[in-house]
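Residues per chain are reported as follows:
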Amino acid sequence: MEIRISGASKIFKPDIVALEDIYITVRPGEFLYLVGPTGSGKSTLLRLITGEARPTRGQITVGPFNLRKMGWGALSYYRRYVGVVFQDFKLLPHLTAYENVAFALEAMGIPPKEIRVKTGEVLDRLGLWRRRFLHPPQLSGGEQQRLAIARAVVKSPSLLIADEPTGNLDANTAEGIMDILLSINASGTTVIMATHNQYIVDTYRARVVELRMGRMTRDEEKGRYGSYGYN
Amino acid sequence: MATIRYILRDVFRLLFRHWGLTILTWVTMMAVFLAVGGSFLLTSCAHAVVAKLAGDLTIEAYIAKEFELEALKPKIEAIPHVKEVTLVTPESALARLKELLGEQAQVVELLGENPLPPSLVLQVDDASNADVVAQTLRSLPEIEDVVYAREAANRLARLNAVIRQLTIGIIAVAIMIGILILFNTVRIAVYSRREELAVMLKVGATPTYVAMPFLLQGVILGGLGGISATLILTRAYTVFVKHINRLLPFLMVPEGGTEIFIQLVLLLVGGGMALGWICSWIATSRHIRDALRPL
């Protein structure tokens, strides 16, 4: 799905400008890094794309969906096409790893047989099949992150949004997560990933959009993390 | 089909996960509906008894001799609240008097000419309307005098009104308690699953899918309370009527049967389910609205 962000601004009451005049077009199947210091507006921009927040000004369209005008019913429908990997995972501790993934499909009304097949496939692909009966607190940080990705991709979304997916992981685990995200991207899913991880951005080169104080300061194909002088 | 299956599974999870709260709500709702149903039965009995007594209440209107009794009947029947009109000719009145006097009936013979005027005996639809009907009768030129048990009629009307108001009060209080209990039970269930609900909405579940288990939980709890109360009240009413009719047979309290049972089912089970749905809808929709509202 193509994403068009045209002059989007987000101002929180009373007058905190989180984003100002953002113009980005993300092509279908593209991999895009969103970088910038803490408080630069990365998470706000991701929230605008997932429909959790509405732009104060400007337009955001994702495929056929105009997020500015979307009602609740359409928002639920839209979210079926978007997989989100949250910074804090948002896994449900009382459900097993298997149930955490299956639950995303149940919410869409997918028949049980299909859920069994799809959940099994995605857990296997992310190396979690043997851990399927464990609950999230019994999993390591990397496993929890992979489980969060599994839940996001099990519904075969057209767009995957990942907010700091390697945030609290060691280098090896972070690389494993990147391999997974790249393979998902290779299968045609558009991926937008907000990150602070310089090593990842510099190693797995892709388009980089940089934000600073709510403004877009860089949009570079095959860019590097700190090309324009910040760390 | 799969969605219905997931929703039903979630309903049972909700009911059994907090089974203590489920039982507490069930028992409390049963108590609430016992109060509602008990008041309803009490009012029904009281109305039946009062209606019976009111049915026995009659107004006697004495007609001036120059008027035709038969010709007057349709005019009297047309008066509002008049249920039934019986003609009493001077001859039948005399016969009745003789019957009342029994052995001393020959005293009547001493009177020579029949002194009793023709009259009409009226039954009104409700004891509270006796005064109005009597006043209308008095205003008619054909009527010489009107006699009825005014005080008795007024007391019956007052009794009826007091019972009605008392019942409305009890039912209103009981329903308020029921609403609060059901609303809070569902709210606790929603609160305990708030993270799960938020994630469900974020991954694409529709608000209806998220709300439905809670709505059904409210319906089941309200319905269970109503069913339990109906069964208890039906049995209790049968025993009560049996005893009261043996001790005070003149009251002739109507016996319980299918009609009473159907009325209780409609009032308590139907009402309980509707109450459950409404309370759950209020508790859930607010939470979902907040969870979905964009920043």
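Nothing here was measured: the structure is a model prediction, and the numbers come from that model. (Residues numbered from 1 in each chain as written. Chains lettered and ligands numbered in written order. Predicted model: local features only at pLDDT ≥ 70, side-chain atom pairs only at ≥ 80, totals over all residues. Heavy atoms only, no water.)

Help me understand the overall build of chain B in this model?
Helix and strand content of chain B: 10 helices and 4 strands. Along chain B, helices and strands appear, N-terminal first, in the series α-α-β-α-β-α-α-β-α-β-α-α-α-α. Relative to its length of 295 residues, chain B is extended, with a C-alpha radius of gyration of 30 Å against a globular reference of 19 Å. Taken along its principal axes, the extent of the C-alpha atoms in chain B is 100 × 45 × 35 Å. Counting all 295 residues of chain B, 41% fall into the buried class. Of the contacts formed within chain B by residues at least 6 apart in sequence, a portion of 82% connects residues at least 24 apart. Measuring between centres, the 26 positive side-chain charges of chain B sit 23 Å from its 25 negative side-chain charges. (Helix = DSSP H or I, 4+ residues; strand = E, 2+ residues; numbered from the N terminus. Rg over C-alpha atoms; globule rule 2.2 N^0.38 Å. Buried < 20%, exposed > 50% of the residue type's maximum accessible area, 1.4 Å probe, protein only. Contact = heavy atoms within 4.5 Å. Lys, Arg positive; Asp, Glu negative; His and termini not counted. Charge placed at Lys NZ, Arg CZ, Asp CG, Glu CD.)

Would you take a moment to explain the sheet that holds strand β2 (residues 82-88) of chain B for this structure?
The strands making up a sheet associate through backbone hydrogen bonding, with each pair oriented either parallel or antiparallel. Residues and elements named next belong to chain B. The antiparallel open sheet is built from 4 strands, whose spatial order is β2-β3-β1-β4. Here the strands that pair on one side only, and so sit at the sheet edges, are β2 and β4 (143-148). Across this sheet, the average inter-strand angle for adjacent strands is 20 degrees, counted without regard to direction. (Pairing = 2+ DSSP bridges. Axes fitted to C-alpha atoms, helices over the stretch in contact; angles between N-to-C directions.)

I tried to follow the domain arrangement of chain B on my own but got confused; where do I start?
One frequent convention defines the size of an interface as the accessible area lost when the parts assemble. Per the domain assignment, the segments making up chain B are domain 1 (2-53 + 155-292) and domain 2 (58-148). Its C-alpha centre places domain 1 of chain B at a distance of 51 Å from the equivalent point of domain 2 of chain B. (Domains from an automatic or database assignment.)

Teacher, can you tell me more about the nonpolar core here?
By size, the foremost hydrophobic cluster in this structure holds 122 residues, and its most contacted members are Y33, L45 and Y78 of chain A. Top element by residues in this core is helix α9 (residues 207-247) of chain B. It accounts for 10 residues. Non-local contacts of L45 of chain A, meaning those with residues more than four positions away in its chain, are made with I5, L19, I22, I24, L34 and L211 of chain A. (Core = buried A, V, L, I, M, F, W, Y, C linked by side-chain atoms within 4.5 Å.)

Please clarify how the environment of A198 of chain B should be interpreted in this entry.
For A198 of chain B, the location among the structural elements is in helix α8 (residues 194-202). Remark: the alpha-carbon pair of A198 of chain B and L292 of chain B, spanning 94 residues in sequence, is separated by 8.2 Å.

Looking at this structure, how should I read the confidence of the model for chain B?
In this model, chain B carries a mean pLDDT of 82, and residues with pLDDT of at least 70 account for 96%. Ranking the elements of chain B by mean pLDDT puts helix α5 (residues 106-109) of chain B last, at 74, and α9 of chain B first, at 88. (pLDDT = per-residue confidence, 0-100.)

I keep staring at the interface of chain B and chain A and nothing clicks. Help me out?
Across the boundary between the two partners, chain B contributes 23 residues, which contact 27 residues of chain A. At the boundary of chain B with chain A, the tally comes to 2 salt bridges. Between E106 of chain A and R9 of chain B there is a salt bridge whose closest N-O contact spans 2.6 Å. The interface formed by chain B and chain A includes 5 residue pairs in polar contact (both at pLDDT 80 or more). Broken down by secondary-structure element, the contributors of at least two residues to the side of chain B that touches chain A are α1 (2-17), α8, α9 and α10 (258-292) of chain B. Its residues placed into classes, the side of chain B that touches chain A shows 12 nonpolar, 3 polar and 8 charged. (Salt bridge = Lys/Arg side-chain N within 4 Å of Asp/Glu carboxyl O. Polar contact = N/O pair within 3.5 Å; in protein donor to acceptor, adjacent residues only side chain to side chain. Nonpolar A, V, L, I, M, F, W, Y, C, P; charged D, E, K, R; others polar.)

Explain the pattern of salt bridges to me, please; I cannot follow it from the model alone.
Oppositely charged side chains can form a pair if their charged atoms are brought close together. Residues and elements named next belong to chain A. In the structure shown here, the tally under the stated rule is 16 salt bridges over all chains. One salt bridge in this structure joins E20 and R215, with 3.3 Å as the shortest N-O distance. On the criterion of sequence distance, the pair formed by E20 in strand β2 (residues 16-26) and R215 in strand β10 (residues 215-220) is long-range, its members being 195 residues apart. By relative accessible area, E20 is classed as partly exposed at 29%.

Would you explain the environment of I288 of chain B in this entry?
Turning to its location among the elements, I288 of chain B is positioned in helix α10. When sequence neighbours within four positions are dropped, the list of residues in contact with I288 of chain B reads L201, P207, V210 and A211 of chain B.

What exactly am I supposed to notice about the sheet that holds strand β5 (residues 65-66) of chain A here?
Residues and elements named next belong to chain A. With antiparallel pairing, the 4 strands of this open sheet are ordered in space as β2-β1-β4-β5. The sheet is open, and its two borders are formed by β2 and β5, each paired with just one other strand. Direction of pairing for strand β1 (residues 3-12) relative to β2: antiparallel, over a ladder of 8 bridges. Within β2, the residue paired with S6 across the bridge is Y23. Sheet strands touched by helix α1 (residues 42-50): β1, β2 and β4 (57-62). Its angle to β2, the strand with the most contacts, is close to 60 degrees.

I would appreciate a short explanation of unusual backbone geometry in the present structure.
Most peptide bonds are trans, and most residues other than glycine sit at a negative phi. Residue and element names in this part refer to chain A. Put simply, K13 and P14 share a cis peptide bond, and its omega is 5 degrees. Summarising the element assignment, P14 is placed in the loop between β1 and β2. Residues other than glycine seldom take positive phi values, yet D21 does so here, at roughly 50 degrees. With respect to the secondary-structure elements, D21 resides in strand β2. On the accessibility criterion, D21 (45% relative accessible area) is partly exposed. Backbone geometry places K90, a non-glycine residue, at a positive phi of 55 degrees.

I tried to follow helix α3 (residues 69-77) of chain B on my own but got confused; where do I start?
Note on helix geometry: an α-helix contains 3.6 residues per turn, so any two residues three or four positions apart are oriented the same way. Residue and element names in this part refer to chain B. Residues L69, L72 and I76 constitute the buried set of α3. Projected down its long axis, α3 carries its buried residues within an arc of 60 degrees, all on one side. Turned more than 90 degrees away from the buried face of α3 sit E70 and A71, all of them exposed. Residues of α3 that are buried in the fold lie against β1 (58-63), β2, β3 (119-124), α6 (130-138) and β4. (Arc of directions from axis to C-beta.)

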